[in-house]
Amino acid sequence: MVKTTTHLINLINHSPNKNMSLNAKTPEGPLAEKWNKHKFNLKLVNPANKRKYDIIVVGTGLAGASAAASLAELGYNVKAFCFQDSPRRAHSIAAQGGINAAKNYQNDGDSVYRLFYDTIKGGDYRAREANVYRLAEVSVNIIDQCVAQGVPFAREYGGLLDNRSFGGAQVSRTFYARGQTGQQLLLGAYSALNRQIHHGKVKMYTRTEMLDVVIVDGKAQGIITRNLTTGEIDTHTGHAVLLCTGGYGNVFYLSTNAAGSNVTAAWRAHKRGAFFANPCYTQIHPTCIPVTGDHQSKLTLMSESLRNDGRVWAPKTEETAQKLQKGQLKASDIKEEDRDYFLERKYPSFGNLVPRDVASRNAKEMVDEHRGVGGSGVAVFLDFADAIKRLGKDAVAAKYGNLFDMYYQITDEDPYTQPMRIYPAVHYTMGGLWVDYNLSTNVPGLYALGECNFSDHGANRLGASALMQGLADGYFVIPYTLGDYLATIGPKPVDANNPAFAKTKQDVLDHINKLLALKGTKTVNEYHRDLGHIMWEYCGMARTEEGLTKAKGLIQALRADFWKNAIVMGDNEEVNASLERAGRVADFLELGELMVDDALQRKESCGGHFRLESQTPDGEALRDDEHFAFVGAWEYKGDNQPEVLNKEPLDFEYVHLTQRNYK
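Residues numbered from 1 in each chain as written. Predicted model: local features only at pLDDT ≥ 70, side-chain atom pairs only at ≥ 80, totals over all residues. Heavy atoms only, no water.

Trainee: Before we go on, may I ask you to explain the overall build of the chain in this structure?
Mentor: A count of helical and extended segments in the chain gives 18 helices and 22 strands. Compactness check: the chain gives a C-alpha radius of gyration of 24 Å against a globular reference of 26 Å for 663 residues, within 12% of the reference. Its C-alpha atoms give the chain principal-axis dimensions of about 75 × 60 × 50 Å. Across the 663 residues in the chain, those meeting the buried criterion constitute 62%. Within the chain, residue pairs in contact and separated by at least 24 positions form 75% of the contacts whose partners lie at least 6 positions apart. Accessible surface for the chain amounts to roughly 24,900 Å². Of this, 49% is attributable to carbon and sulfur atoms. When the 75 basic and 77 acidic side-chain charges of the chain are each reduced to a single mean position, those positions are 3 Å apart. (Helix = DSSP H or I, 4+ residues; strand = E, 2+ residues; numbered from the N terminus. Rg over C-alpha atoms; globule rule 2.2 N^0.38 Å. Buried < 20%, exposed > 50% of the residue type's maximum accessible area, 1.4 Å probe, protein only. Contact = heavy atoms within 4.5 Å. Areas by Shrake-Rupley, 256 points an atom, 1.4 Å probe, with all protein chains shown as cover. Lys, Arg positive; Asp, Glu negative; His and termini not counted. Charge placed at Lys NZ, Arg CZ, Asp CG, Glu CD.)

Next comes the structure, spelled out in structure tokens:
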């Protein structure tokens, strides 16, 4: 166990010229009292002064829309930005299965502490205790907030809100709206946002991409944007900048993220001084429709909720698997005794509802043993025959009908009559910008909310916790913590004529012109696909020192080739998808190398980071708490310069560090 003071986190900077320390601002006192005491101790901005502050919110998914609406409701002037044509097209809308909350409606033993413990354990003890407990604590308020907005959560016969189970928990705490929970939650936040747009408290900028953050005297005071329709480069001032821009899973090219999801806003902030924490922590979701070829631009998720009633299995023998792959046998031809329900066999306590990293690695193990199914052999079955027999087809359709329809539309296979074919795919990123307890990065005035930050999920996110974090940060955390910073700096207007704005704008223009000057022969998409292949092969579900070292060299060579041989068509002063993609891929190429560096230095296995050199005798992730119980916060030192690793030691006062066991 690592011992540190709870309110001051010293980051060990490996640079010989500088001793960096960061204050995580973790409150003193018992875990269950930290948040309430902290809220009381935060400075306040009185209502008359709130209207004097301008707040920039980048991204309008669940975290961004809820933050913008909540801050505007308080009286702040908010500028909200999204690169989509409408806030309701944010990727949050694609979330399917549900949102966790410790309501204990099922009376099955749930509690705030149990949700806290499950989340810490599910993240393989690589998250900050205080942040995770607060998340569990405010989860109960989120459901009330969303019901009041009219979110149509599923209900039981008597009218009470229904719950279902998700991976990594033995209780039912997941609230859901069929298989479209993200869409319904986002529509709730979107309606709250629209109300504030109507009242004039939020000015909405759609089809606008943030390309840099402006730092004045060490504080974030604005952003530089590009209008994706006209190409116009604008400066926007604000007393604080909130990044709510999601994760970076598309560094792998193929993922369950929307094709437009990118890391640019967070990465440009990183290059302006914000630390990037735990970039190697990426989540591979076990239930996705398998890859079918290079023609795909993204992958499709099949909700984790399906593992409530679906049983995961593979043939017991390689011979049977080969016959299935060749079409000589159908799944229905395989007798029960010839099926390996491997999750139920290996993890009898949790069965098919083990956490995502565990389920994904076991599916890969089946394929590695040549027991995969489908034409490619890179899949396992998710079978609903028993559920349909037990509950009836109509009951299964009521729960999962839209997901079954989606699967049928994509694969032309009917999951009511034959098993789904699933395989792991990149889904979520636990790493992100480093933030303290107040969700502030190490750059004053720059905040990161939702998947954009690193703070709550450790090395693996439990299912149905992403929506919970996004709304917790936007509705219930940032409205309190932002005021503390604003009260400190005062309401003096930001000076748009400060030279930092012109300098940052020129930097953005120079970068755009550098991209437009690329007139080679290889498309940006080809480079992105090549990067994805490298990342998936060497920094995906299983990692080794040899493979990561090779990946670092391959990425460096690919990036050098990008700046010589890529082709970017068109001009800036127009709709230019080629330019948009080029900027995003250039950032992914840099991020990919940092992810590899982070995975190389972390010589342990934990959660979604699985080093083959560090595993238990039965193939589970083996942590090294003596040497790696820390957050790895990386500091940018300049183009083509090695980044500096800073370590935030993790202090566990309330949970005991043990080897995860879901058996």
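Read on for the rest.
Trainee: What's the story with the state of the cysteines in this structure? I'm lost.
Mentor: By definition, a disulfide links two cysteine residues through a covalent bond between their sulfur atoms. Enumeration over the complete set of coordinates arrives at zero disulfides. Unpaired in terms of disulfides, Cys288 finds its nearest cysteine sulfur in Cys539, a separation of 18 Å. For Cys288, a relative accessible area of 0% puts it in the buried group. (Disulfide = S-S within 2.5 Å.)

Trainee: Help me understand the sheet that holds strand E2 (residues 54–58), please; the structure alone is not making it clear to me.
Mentor: Two modes of strand pairing occur in sheets, parallel and antiparallel, and in both the strands are linked by backbone hydrogen bonds. One open sheet holds the five strands; their spatial order is E6-E3-E2-E10-E18, and the pairing between them is parallel. If you trace the sheet from one side to the other, it starts and ends with strand E6 (202–205) and strand E18 (446–448), each paired once. On average, each strand axis in the sheet is inclined to that of its neighbour by 20°, with strand direction left out of account. Where E2 meets strand E10 (residues 240–243), four bridges bridge the pair, whose relative direction is parallel. (Pairing = 2+ DSSP bridges. Axes fitted to C-alpha atoms, helices over the stretch in contact; angles between N-to-C directions.)

Trainee: Even after reading the chapter, I still don't get the pairing of E2, so can you show me in this structure?
Mentor: For a regular strand, side chains alternate in direction, first toward one face of the sheet and then toward the other. Of all five residues in E2, four are buried; the element is thus mostly enclosed. In this sheet, strand E3 (residues 77–81) lies alongside E2 in parallel orientation, the contact comprising five bridges. If you follow Asp54 over to E3, its bridge partner there is Asn77. Read as a crossover between parallel neighbours, the route from E2 over helix H3 (residues 62–74) to E3 is right-handed. (Right-handed = clockwise from strand over helix to strand, strands pointing away.)

Trainee: Before we go on, may I ask you to explain unusual backbone geometry in this structure?
Mentor: The general pattern is negative phi for most residues beyond glycine and trans for most peptide bonds. Its identity is not glycine, yet Lys25 carries a phi of approximately 55°, on the positive side. Checked against the element boundaries, Lys25 lands in the loop between strand E1 (12–13) and helix H1 (34–41).

Trainee: Honestly, the pattern of salt bridges in this entry has me stumped. Any pointers?
Mentor: Once their charged atoms are close, side chains differing in charge can pair, the charge on each being opposite to the other. Counted according to the given criterion, the structure contains 47 salt bridges. In this structure, the salt-bridge partner of Asp85 is Arg89, at a minimum N-O distance of 3.2 Å. The exposure class assigned to Asp85 is partly exposed, which follows from its relative accessible area of 49%. By relative accessible area, which is 56% here, Arg89 ends up exposed. A cluster of three or more residues bridged by salt bridges with shared partners is formed by Asp124, Arg126, Asp357, Arg361, Arg602, Glu604, Arg623, Asp625 and Arg660. (Salt bridge = Lys/Arg side-chain N within 4 Å of Asp/Glu carboxyl O.)

Trainee: So what exactly am I meant to see when it comes to helix H7 (residues 264–271) here?
Mentor: Note on helix geometry: an α-helix contains 3.6 residues per turn, so any two residues three or four positions apart are oriented the same way. With seven of eight residues buried, H7 is to be regarded as a mostly interior element. Those residues of H7 not exposed but buried are Thr264, Ala265, Ala266, Trp267, Arg268, Ala269 and His270. Looking at the residues trailing H7, positive phi occurs at Gly273, about 125°.

Trainee: Explain the packing of aromatic side chains to me, please; I cannot follow it from the model alone.
Mentor: Two numbers describe a pair of aromatic rings. These are the distance of the centres and the angle of the planes. Scanning all chains against the criterion turns up 23 aromatic pairs. Between the aromatic rings of Phe384 and Phe404, the centroid separation amounts to 4.9 Å while the plane-to-plane angle is 65°, which identifies the pairing as edge-to-face. Of this pair, Phe384 sits in the loop between strand E15 (380–383) and helix H11 (385–391) while Phe404 sits in helix H12 (residues 393–411), and the two are 20 residues apart along the sequence. Neither Phe384 nor Phe404 differs from the other in exposure class; each is buried. (Phe/Tyr/Trp six-rings, centres within 6.5 Å; stacked < 30°, edge-to-face > 60°.)

Trainee: Sorry if this is basic, but what is going on with the nonpolar core here?
Mentor: Core analysis: the biggest nonpolar cluster contains 152 residues, and Ile55, Ile99, Leu242 and Phe562 have the highest contact counts within it. The element that contributes the greatest number of residues to this core is helix H17 (residues 577–601), accounting for 12 residues. If we ignore the near neighbours within four places in the chain, the residues touching Ile99 are Ile142, Ile143, Phe153, Arg173, Thr174, Phe175, Thr181, Leu185, Ala464, Leu467, Met468 and Leu471. Ranked by size, the runner-up nonpolar core spans 28 residues in total, among them Leu343, Tyr347, Ala359 and Tyr416. (Core = buried A, V, L, I, M, F, W, Y, C linked by side-chain atoms within 4.5 Å.)

Trainee: Just checking my understanding: could you explain the packing of helix H14 (residues 499–516) against H17 for this structure?
Mentor: Any two packed helices are characterised by how steeply their axes cross, that is the angle between the axes, and by the distance between the axes. Two elements in contact, H14 and H17, have axes whose closest approach is 10 Å; the angle formed by their N-to-C orientations is 110°. With respect to their mutual orientation, H14 and H17 come out roughly perpendicular. Within the contact between the two elements, H14 uses Ile512, Leu515 and Leu516 and H17 uses Leu579, Ala582 and Gly583. Each residue belonging to the contact of H14 with H17 can be placed in one class, and the counts come to five nonpolar, one polar and no charged. (Parallel < 35°, antiparallel > 145°, perpendicular 65-115°, else oblique. Nonpolar A, V, L, I, M, F, W, Y, C, P; charged D, E, K, R; others polar.)

Trainee: Which parts of the structure should I look at to understand the confidence of the model for the chain?
Mentor: Confidence in the prediction of the chain, expressed as mean pLDDT, is 95, and 97% of residues score 70 or more. When the criterion is pLDDT under 50, residues 1–19 qualifies, and its contacts beyond four places in sequence or with other chains add up to 55 contacts. (pLDDT = per-residue confidence, 0-100.)

Trainee: What's the story with helix H6 (residues 181–198) in this structure? I'm lost.
Mentor: An ideal rise of 1.5 Å per residue puts 26 Å on 18 residues; H6 measures up with 26 Å between its terminal C-alpha atoms. If you check which residues of H6 are buried, you get Thr181, Gly182, Gln184, Leu185, Leu186, Gly188, Ala189, Tyr190, Ala192, Leu193 and Gln196. Where H6 is buried, its residues contact H3, strand E4 (99–100), helix H5 (129–149), strand E5 (174–175), E6 and helix H13 (466–489). Once H6 finishes, Gly200 follows within two positions and takes phi at roughly 85°, a positive value. (Expected span 1.5 Å × (residues − 1).)

Trainee: For this particular structure, what's the right way to read the environment of Asp651?
Mentor: Position of Asp651 relative to the elements: it lies in the segment after strand E22 (644–649). Residues Asp651 and Ala359, spaced 292 residues apart in sequence, show a C-alpha to C-alpha distance of 28 Å.

Trainee: What exactly am I supposed to notice about the side chain of Asp118 here?
Mentor: Of note, Asp118 is situated in helix H4 (residues 112–122). Leave out the neighbours within four places in its chain, and Asp118 touches Gly168, Ala169, Arg173 and Leu462.

Trainee: Would you mind going over the environment of Glu304 with me for this structure?
Mentor: Relative to the elements of secondary structure, Glu304 occurs in the loop between strand E12 (282–288) and strand E13 (311–315). Along the primary structure Glu304 and His285 are separated by 19 residues, whereas in three dimensions their C-alpha atoms are 8.3 Å apart. Apart from residues lying up to four places away in sequence, Glu304 is in contact with Phe166, Gly167, His285, Thr287, Arg356 and Gly463.

Trainee: Honestly, the sheet that holds strand E8 (residues 219–227) in this entry has me stumped. Any pointers?
Mentor: In space, the three strands of this open sheet follow the order E7-E8-E9, with antiparallel pairing throughout. Two strands in the sheet have a free side with no partner beyond their single neighbour: strand E7 (208–216) and strand E9 (233–237). Each adjacent strand pair in this sheet contributes to an overall mean axis angle of 30°, direction not counted. As paired elements, E8 and E9 share five bridges and run antiparallel to each other. By the bridge assignment, Arg226 is partnered in E9 with Ile233.

Trainee: Explain the pairing of strand E21 (residues 630–635) here, please?
Mentor: Burial within E21 is extensive, with six of its six residues counted as buried. Neither face of E21 is open: one carries Phe630, Gly632 and Trp634, the other Val631, Ala633 and Glu635, and all of them are buried. Here two bridges tie strand E11 (residues 276–277) to E21, and the two strands are oriented antiparallel to one another. Looking across to E21, one finds that Phe276 is bridged to Trp634. Where E21 meets E22, six bridges bridge the pair, whose relative direction is antiparallel. Along E22, the bridge assignment pairs Phe630 with Pro649.

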